[in-house]
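Examination of the molecular architecture
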Amino acid sequence: MNRAAMLALTPVAVAYGFGVRLRNNLYRQGLFRSFSVGVPVISIGNLTMGGTGKTPLVEWLAGQLAASGKRVCVLTRGYGRKSSGRVLVSDYSRVLADIDEGGDEALMLAQNLRGRVAVICDRDRIAAAQWAKENLGCDVFVLDDAFQHRRIARQLDIVAIDATNPWGSRALLPAGTLREPMNQLKRADCVVITRADEPKNLDQLRAEIETIINRPRLFTSRIKLRSIRLLDESSSLDISPEQSPHTAAFCGIGNPSSFFSLLHRNRMSVTYARAFRDHHHYTQSDVDSIVKDARSSGARAVVTTAKDAVKLRSFEFALPCYVVHTSIEVHDHEEFLRYVNHAISTAD
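All right, on to the overall build of the protein chain then. The helix and strand inventory of the protein chain stands at 10 helices and 12 strands. On C-alpha atoms alone, the protein chain measures out to a radius of gyration of 20 Å, which is about the 20 Å that the 2.2 N^0.38 rule sets for 348 residues. With the C-alpha coordinates of the protein chain rotated into their principal frame, the extents come out at 60 × 50 × 40 Å. Within the protein chain, the proportion of its 348 residues that are buried is 52%. For the protein chain, the proportion of contacts with a sequence separation of at least 24, taken over those separated by at least 6, is 75%. Working note: accessible area of the protein chain is about 16,000 Å², and carbon and sulfur atoms make up 48% of it.

See the structure below:
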């Protein structure tokens, strides 16, 4: 967004900020209430719109809790889905919904956590949690993108902050990408800095967070490339990334530059890169255009993200399409898990 557009939207952002502060004050004063669902709830959210590495953190933590014997359910709004109401995207054995019913992130979580964690989409997360307790026997909930969703009480508020772009333009929506004023980070119990291996000003970011939260629980993490698979998932690419053919990269995620940077850091030969809007709904025309531009750049394959892949399997690609699967690596993860498990064990 250029400066002129930001200035034009500033009055709207001021009004939006007033509304956010008023709502938070009403919660703080007890005039708005948060409701317990009777089992431990861990929220993972952010301050900015999209692209903070929040979803990989949700997936990792839900998987870790499930591995420790807990019956975990991820509750998400299901952004970008075409359905309404409650959708059981997956139970503890099967993926039950498609892309239109669940949306890209919820379906990706369901596929990656298949057999271990349930995933439910519902705007009313309190009602969804009660249903999941009664029908699935869930004993821990992980809320996806819920720092601003304050109706459901939680044992921990974890906020993911992207080290490569922590505060967006430092302006509130719609002039910038901040969902809340930066000082509202003080509500967080814990901060996880994502992509902490990329920037050089990590100490400066730590110091800025510490001016908002006194003695914060602060952890760092990085996104790492886990595997590269063909889109049809029939086989893994049996060569290392640096030996891959010349590729054209494309994605529709909140922080596309982070994906392209990951490819470069892993020495993949990228001849062309194209970014769509976050949660983009692809068409065959999009695919044909990507392949045409890829060929013009000398690429012999195309590569995209796992989030995009769940929306692409019904299309025809005239070039091989590979999917980069990533995972998050939380530094000092044993301490982080002790901290989370302590919060769960001391829940009322």
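Now that the structure is up, let's keep going.
For the rest of this paragraph, the subject is the side chain of Thr-305. Turning to its location among the elements, Thr-305 is positioned in strand 11 (residues 301-305). On the basis of relative accessibility, which here comes to 8%, the residue Thr-305 falls in the buried class. A distance of 2.5 Å separates a polar atom in the side chain of Thr-305 from a polar atom in the side chain of Asp-308. Beyond its immediate chain neighbours, meaning those up to four positions away, Thr-305 contacts Phe-250, Cys-251, Ile-253, Phe-259, Val-323 and Val-324.

All right, on to the pattern of salt bridges then. Taken as a whole and assessed by the stated rule, the structure comprises 19 salt bridges. Linking Glu-105 and Lys-307 is a salt bridge whose minimum nitrogen-to-oxygen distance equals 3.0 Å. Placement of Glu-105 in helix 4 (residues 104-112) and of Lys-307 in helix 9 (residues 306-309) is noted, with a sequence separation of 202 residues between them. This pair shows no difference in class: Glu-105 is buried, exactly as Lys-307 is. The salt bridge involving Arg-179 is made with Asp-145; its shortest N-O contact spans 2.5 Å. Residue Arg-179 is located in the loop between strand 6 (156-162) and strand 7 (190-194), and its partner Asp-145 is located in the loop between strand 5 (140-144) and strand 6; the two are separated by 34 residues in the primary sequence.

What follows is about empty space enclosed by the protein. A complete count under the given rule lists 1 cavity of 30 Å³ or more for this structure. Roughly 60 Å³ of internal volume is contained in the largest cavity. Contributing to the lining of the largest cavity are Tyr-79, Gly-80, Arg-81, Lys-82, Ile-99, Asp-100, Gly-103, Asp-104, His-279, His-281 and Lys-311. Tallied by class, residues from the lining of the largest cavity come to 2 nonpolar, 4 polar and 5 charged.

This next bit is on the pairing of strand 11. Taking burial as the measure, the 5 residues of strand 11 include 5 buried ones, the bulk of the element. On strand 11, burial covers both faces: Ala-301, Val-303 and Thr-305 on one face and Val-302 and Thr-304 on the other are all buried. Bridge count for strand 9 (residues 247-251) against strand 11 is 3 bridges, and the pairing is parallel. Its bridge partner lying in strand 11, Thr-247 is registered against Ala-301. Note that strand 11 and strand 12 (residues 321-330) share 4 bridges and pair parallel. Looking at strand 12, one finds that Thr-304 is bridged to Val-323.

Okay, the sheet that holds strand 12 next. In space, the 12 strands of this open sheet follow the order 3-4-2-5-1-6-7-8-12-11-9-10, with mixed pairing throughout. Either end of the sheet is taken by a strand with one partner, and the two such strands are strand 3 (87-90) and strand 10 (270-275). Adjacent strand axes in the sheet meet at a mean angle of 25°, parallel and antiparallel pairs treated alike. With 4 bridges joining them, strand 2 (residues 72-76) and strand 4 (residues 118-121) adopt parallel strand pairing. Note on strand 4: the bridge partner recorded for Leu-75 is Ile-120.

In terms of residue burial, strand 5 counts as a mostly covered element, since 5 of its 5 residues are buried. What you see with strand 5 is no split at all: Val-140, Val-142 and Asp-144 on one side and Phe-141 and Leu-143 on the other are buried throughout. Pairing between strand 1 (residues 41-45) and strand 5: 4 bridges, direction parallel. The partner of Val-41 across the bridge, within strand 5, is Phe-141. With 4 bridges joining them, strand 2 and strand 5 adopt parallel strand pairing. Residue pairing across strands places Leu-75 opposite Leu-143, the latter belonging to strand 5.

The rules behind these values
- Just so you know, the residues in each chain are numbered from 1, in the order the chain's sequence is written.
- Local features in this predicted model are restricted to residues whose pLDDT is 70 or higher, and side-chain atom pairs enter the listing and the counts only when it is 80 or higher, whereas totals over whole chains, interfaces and linings include all residues.
- Based on all heavy atoms of the structure, the side-chain values leave hydrogens and waters out of the count.
- Put simply, DSSP marks the helices as runs of H or I at least four residues long and the strands as runs of E at least two long, and each gets a number from the N terminus on.
- In this description the radius of gyration comes from C-alpha coordinates, and the expected globular size is given by 2.2 Å times residues to the power 0.38.
- Residue burial is assigned from relative accessible area. The probe radius is 1.4 Å, only protein chains are included, and a residue is buried under 20% of its type maximum, exposed over 50%, and partly exposed in between.
- We call two residues in contact whenever any of their non-hydrogen atoms come within 4.5 Å of each other.
- Here the open area of atoms and residues is found with the Shrake-Rupley method and a 1.4 Å probe, where only the protein chains shown may cover a residue.
- Polar contact is defined as a pair of N or O atoms within 3.5 Å, subject to the rule that within protein one atom must be able to donate a hydrogen and the other to accept it, and that residues adjacent in sequence are counted only when both atoms are side-chain atoms.
- The term salt bridge refers to a side-chain nitrogen of Lys or Arg lying within 4 Å of a carboxyl oxygen of Asp or Glu.
- Grid spacing is 1 Å over the protein atoms alone, the probe is 1.4 Å, and a cavity is where that probe fits but cannot get out, while a pocket is an open set with protein on both sides within 12 Å along at least five of seven lines and lining residues have an atom within 4 Å of a point.
- Grid points are joined across faces, edges and corners, and a volume is the space filled by probe spheres set on the points.
- Three classes are used, and their members are as follows: Ala, Val, Leu, Ile, Met, Phe, Trp, Tyr, Cys and Pro are nonpolar, Asp, Glu, Lys and Arg are charged, and the others, Gly among them, are polar.
- When DSSP finds two or more bridges between a pair of strands, those strands are recorded as paired.
- Fitting a line to C-alpha atoms yields each axis, with helices limited to the stretch in contact; the angle taken between N-to-C directions then spans 0 to 180 degrees.

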